[in-house]
Amino acid sequence: MLSIGDYTLHTLDVQDFSLDGGSVFGVVPRVLWEKVIVPDHLNRVRLSMRILLIKGNGRNILVDAAMGTAWSGKMKAIYDLSEWRLDEELHNAGLGREEITDIIFTHLHFDHVAGAFEERGERLVPVFPNARCFVQKDNYETALKPNIKEKSSYPLPFVEALGKSGSMELVDGSFELLPGVEMVPTGRGHTAGHQLVKIRGEGISVIHGGDLIPSSAHLGLTRGLGFDVAPLEMIHEKAALLDDLLGNRRILYFAHDPFIVAARVRRGEKHVVVDEEVDV
Ligand SMILES: [Zn+2]
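Let me begin by describing the structure that accompanies this report.

Turning our eyes to something else, we now look at the overall build of the protein. The helix and strand tally for the protein stands at 8 helices and 18 strands. A compact globule built from 280 residues would reach a C-alpha radius of gyration of about 19 Å, and the protein, at 17 Å, matches this within 12%. Principal-axis analysis of the C-alpha atoms gives the protein an extent of 50 × 45 × 35 Å. Among the 280 residues that make up the protein, the fraction classed as buried is 46%. The long-range share in the protein, meaning contacts at least 24 apart out of those at least 6 apart in sequence, stands at 69%.

Structure, rendered in structure tokens:
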């Protein structure tokens, strides 16, 4: 738990999955990345899907929703999807599902949106019945009609369920949800309408890195995900984020890092590295 101004931040460690090393580290050779995350016998690396909970000002806000449970056995096997620890993690934070007031989606790729829905019969229904769901307009439009590269990353039934839920609020550009809690789009490097979430207090602030910097192993400028739509743009967007983090000693929150939840960073010999880990 971390206090920032009127808010407390909590990590909900709800689920893990595995992705091919190549999709996680793009063009970086395995001999380099395997020093950071050891792959399994199928060359897959184990990653977290953390949900960041922001409590304060009478609101309980989630950032992203992981993958959840509404997947076929085949898909669960492909991603070696773990159990869904949502209720116990919410309970530890003193909350039930119905007390979640807002969800901010960094973007609607399957590992960020799907956990907001579960199967009831043939239908997908909201897991958080009282939550308003915020997403960038660009991202929702892309998710509804994805380009050929991203077609398998945007899970259409979930995107459609979100659109029909009556709870979706489309945001166009930066938007302050509450004083000190802001959504900031990054550009289309990872995907169109991808956004960060910034939480600011007196002398301390946290930035949720979304999939622009999903883990501490992605602090190097060229260490991008194979999922990135525009790798060169991603590099420029990451450089701007790193400048902000370094210049203002902000804390970076990692949604997918298997080991480190959040950290302050510093310039290393070759690229930016973790300076000190921070408990959230
Ligand atoms: Zn992701």
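With that settled, consider the environment of glutamate 99. Along the polypeptide, glutamate 99 turns up in the loop between α4 (86-92) and β7 (102-104). Glutamate 99 gets classed as partly exposed once you count the C-beta atoms within 10 Å, which come to 15. It is 7.9 Å that separates the C-alpha atoms of glutamate 99 and phenylalanine 128, two residues lying 29 residues apart in sequence.

Here the focus is the environment of serine 174. Along the chain, serine 174 turns up in the loop between β11 (168-171) and β12 (175-178). Owing to 13 C-beta atoms within 10 Å, serine 174 belongs among the partly exposed residues under this scheme. Remark: the alpha-carbon pair of serine 174 and threonine 8, spanning 166 residues in sequence, is separated by 22 Å. When sequence neighbours within four positions are dropped, the list of residues in contact with serine 174 reads Glu182, Met183, Val184 and Pro185.

Phi at asparagine 43 is positive, roughly 70°, even though this residue is not glycine. Locating asparagine 43 in the fold gives a position in the loop between α2 (30-33) and β4 (44-48). Of note, alanine 66 is a non-glycine position whose phi angle comes to about 60°, a positive value. With respect to the helices and strands, alanine 66 occurs in the loop between β6 (59-63) and α3 (73-78).

Counting residues in each nonpolar core, the largest one holds 79 residues, and the members touching the most others are Leu9, Ile51, Ile103, Val113, Leu252, Tyr253 and Ala262. Residue contacts for tyrosine 253: discarding those within four places in its chain leaves Leu52, Val206, Ile207, His208, Gly209, Ala262 and Val280.

On any regular strand, side chains alternate: one points to one face of the sheet, the next to the other face. The element β4 is extensively covered by neighbouring structure, given that 4 of its 5 residues are classed as buried. Strand direction decides the pairing type here: strand β3 (residues 16-20) and β4, joined by 5 bridges, are antiparallel. Paired with aspartate 20 across the strands is arginine 44, a residue of β4.

Pairing within the open sheet is mixed, and its 7 strands lie in the order β1-β2-β5-β6-β7-β10-β11. Lying at the two open borders of the sheet, with one neighbouring strand each, are β1 (2-4) and β11. Averaged over all adjacent pairs, the angle separating strand axes in this sheet is 25°, with direction ignored. Across 3 bridges, the pairing between β6 and β7 is parallel.

Time to look at helix α6 (residues 137-144). Inspection of α6 places Asp138, Asn139, Tyr140, Thr142 and Ala143 among the buried residues, and these make up the whole buried set. Those residues of α6 that are buried are in contact with β10 (132-136), α7 (156-164), β11 and β14 (194-201).

Given 3.6 residues per turn, any residue in an α-helix points the same way as the ones three and four places further on. Among all positions of α7, only Phe158, Val159, Ala161 and Leu162 are buried. Burial along α7 is one-sided: seen end-on, the buried residues are contained in an arc of 160°. Facing away from the buried side of α7 by over 90 degrees, the exposed positions are Leu156 and Lys164. As for α7, its buried residues are in contact with α5 (110-113), β8 (117-120), β9 (123-126), β10, α6 and β11. One or two residues past the end of α7 sits glycine 166, with phi positive at roughly 80°.

Take the sheet that holds strand β17 (residues 262-267) next. One open sheet accounts for 7 strands, arranged β12-β13-β14-β15-β16-β17-β18; its pairing is mixed. Among the strands making up the open sheet, the edge pair consists of β12 and β18 (272-277). This sheet shows a mean twist of 35° between the axes of neighbouring strands, independent of strand direction. As paired elements, β12 and strand β13 (residues 181-187) share 3 bridges and run antiparallel to each other. Looking at β13, one finds that glutamate 176 is bridged to glutamate 182.

So, how was this worked out
Residues numbered from 1 in each chain as written. Predicted model: local features only at pLDDT ≥ 70, side-chain atom pairs only at ≥ 80, totals over all residues. Helix = DSSP H or I, 4+ residues; strand = E, 2+ residues; numbered from the N terminus. Rg over C-alpha atoms; globule rule 2.2 N^0.38 Å. Buried ≥ 20, exposed ≤ 12 C-beta atoms within 10 Å, placed from the backbone. Contact = placed C-beta atoms within 7 Å. Core = buried A, V, L, I, M, F, W, Y, C linked by C-beta atoms within 7 Å. Pairing = 2+ DSSP bridges. Axes fitted to C-alpha atoms, helices over the stretch in contact; angles between N-to-C directions. Arc of directions from axis to C-beta.

By themselves, these are just geometric observations and shouldn't be taken as functional.
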